[in-house]
Amino acid sequence: MDATWPAAALHRAGDWLLREGRGGGKRVSAASTARPDADIAAMEAAQQALGQPALAMIRPGQEALDARLEAAGYRLVDPVLLMAGPVDAVAAGVLTPVTAFDVWPPLAIQRDLWAEQGIGPERLAVMARVGGDKTAILGRIEDRAAGAAFVARAGDLAMVHAVEVLPPWRRRGLARQMMRAAAQWAQARGCARIALAVTSGNAPARALYSGLGLEIAGAYHYRVR
């Protein structure tokens with residue numbers, strides 16, 4: 001996640017690792033720690049110094065830290081599942097002509113489409129910061145652009161981010177075509193697996209990814225003061 005959706009900078013505050021997001025969302029603005037007794041006040045002060053909310057990412061096995069944050073007035077937000085599977089399974093099949101293809105840098109229409117779905121310049125800046133192989137997927141249906149996604153490689157793993165399809169064209173197979181295009185791009189670069197993060201409450205997206213052969217491989221959630 002940190003390699004394919006990177007923060008603008010990383011900072012240390014005691015036992016905490018802080019991500020400086022510059023408006024790029026929770027994934028690049030959250031603090032994390034491996035210690036259950038980490039000083040919460042130190043994290044709060046460091047986040048405040050960065051102009052960010054007091055936000056922590058909690059992973060499985062961190063129940064003690066989670067309970068401490070809850071007791072300190074932090075509410076749970078955005079439970080997330082990490083789903084992953086073989087690239088070959090997702091890439092299998094033939095792409096419908098001119099339905100989904102990769103392009104970098106993103107076209108203006110992709111930027112506009114992302115902006116319509118709340119993915120603005122700050123998140124585009126996250127994509128631009130990725131130093132390795134990366135691309136943007138454009139999805140088309142009924143002779144118009146209706147979907148966009150971002151994919152980047154970290155070793156033999158490809159991570160897909162910012163998958164968006166405009167509401168009138170959802171549940172018509174476009175996201176599946178876009179995922180296939182992302183997997184074929186990753187396959188050509190030697191990736192063995194493909195993965196993404198999805199909120200646990202997004203049942204339609206989870207069903208789509210499960211149907212493509214992705215399985216739950218991890219989880220996390222946030223606590224915000």
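Higher on the page you've got the structure.
Computed from a prediction, not measured in an experiment: that's the story for all the values here.

Would you mind going over the nonpolar core with me for this structure?
As a rule of thumb, soluble globular proteins bury nonpolar side chains together. Counting 49 residues, the largest nonpolar core has Trp114, Met179, Ile194 and Tyr209 as the members making the most contacts within it. Element by element, the count of residues in this core is highest for helix 6 (residues 174-188), at 9 residues. Non-local contacts of tyrosine 209, meaning those with residues more than four positions away in its chain, are made with Met83, Val163, Met179, Leu196, Val198 and Leu214. If you look at the next biggest cluster of nonpolar residues, it comprises 14 residues, including Met43, Ala46, Ile58 and Leu69.

Explain the packing of aromatic side chains here, please?
As enumerated under the stated definition, the model contains 3 aromatic pairs in all. Between tryptophan 104 and phenylalanine 150, the aromatic rings sit 5.7 Å apart at their centres with planes inclined by 55 degrees, giving tilted as the arrangement. Here the residue tryptophan 104 occupies a position in the loop between strand 6 (100-103) and helix 4 (108-116), and phenylalanine 150 occupies one in strand 8 (residues 144-154), the gap between them amounting to 46 residues. Taken together, Trp5, Trp104 and Phe150 form an aromatic cluster joined through their ring pairs.

Sorry, what's going on with the pattern of salt bridges here?
Two side chains that carry opposite charge are able to pair once their charged atoms sit near each other. Inspection of the entire model under this criterion finds 10 salt bridges. For the salt bridge of arginine 223 with aspartate 66, the shortest nitrogen-to-oxygen distance reads 2.7 Å. Taken as a pair, arginine 223 in strand 11 (residues 215-224) and aspartate 66 in helix 2 (residues 63-71) lie far apart in primary sequence, 157 residues in all. Measuring nitrogen to oxygen at the nearest pair gives 3.0 Å for the salt bridge that ties aspartate 133 to arginine 153. You can see aspartate 133 sitting in the loop between helix 5 (121-129) and strand 7 (134-141) and its partner arginine 153 sitting in strand 8, a full 20 residues away along the chain. Linked through salt bridges whose partners overlap, the residues forming this network are Asp15, Arg35 and Asp37.

Explanation requested: the environment of alanine 64 in the structure shown.
Positionally, alanine 64 belongs in helix 2. Along the chain, alanine 64 and methionine 43 lie 21 residues apart, while their C-alpha atoms are 16 Å from each other.

Just to check I follow, could you spell out the pairing of strand 8 for this structure?
Among the 11 residues in strand 8, 8 count as buried, and that is most of the element. In this structure, strand 7 lies alongside strand 8, joined through 8 bridges in antiparallel fashion. Considered in strand 8, the bridge of lysine 134 is made with alanine 152. Hairpin geometry of strand 7 and strand 8 is characterised by an intervening segment of 2 residues between the two adjacent antiparallel strands and by a positive phi of about 50 degrees at glutamate 142.

Reading the values: the criteria
Residue positions are counted from 1 within each chain, in the order its sequence is given. Given that the model is predicted, a residue must reach a pLDDT of at least 70 before its local features are reported, and side-chain atom pairs must reach 80 or more before they are shown or counted; all residues, however, enter totals for whole chains, interfaces and linings. Side-chain numbers here rest on the full set of heavy atoms in the structure, without hydrogens or water. Residues belong to one nonpolar core when they are buried, are Ala, Val, Leu, Ile, Met, Phe, Trp, Tyr or Cys, and are joined through side-chain atoms within 4.5 Å. Buried residues are those whose accessible area, probed at 1.4 Å on protein chains only, stays under 20% of the maximum for their type, while exposed residues exceed 50% and partly exposed ones sit between those limits. In this text, helices come from DSSP runs of H or I with a minimum length of four residues, and strands from runs of E with a minimum of two, each type numbered from the N-terminal end. Residues are treated as being in contact if the distance between any of their heavy atoms lies within 4.5 Å. Here the aromatic set is Phe, Tyr and Trp, taking the six-membered ring for Trp, and pairing holds for ring centres within 6.5 Å; pairs whose planes are under 30 degrees apart are stacked, those over 60 apart are edge-to-face, and all others are tilted. Whenever Lys or Arg places a side-chain nitrogen within 4 Å of a carboxyl oxygen from Asp or Glu, that contact is recorded as a salt bridge. Whether two strands pair comes down to DSSP finding at least two bridges between them.

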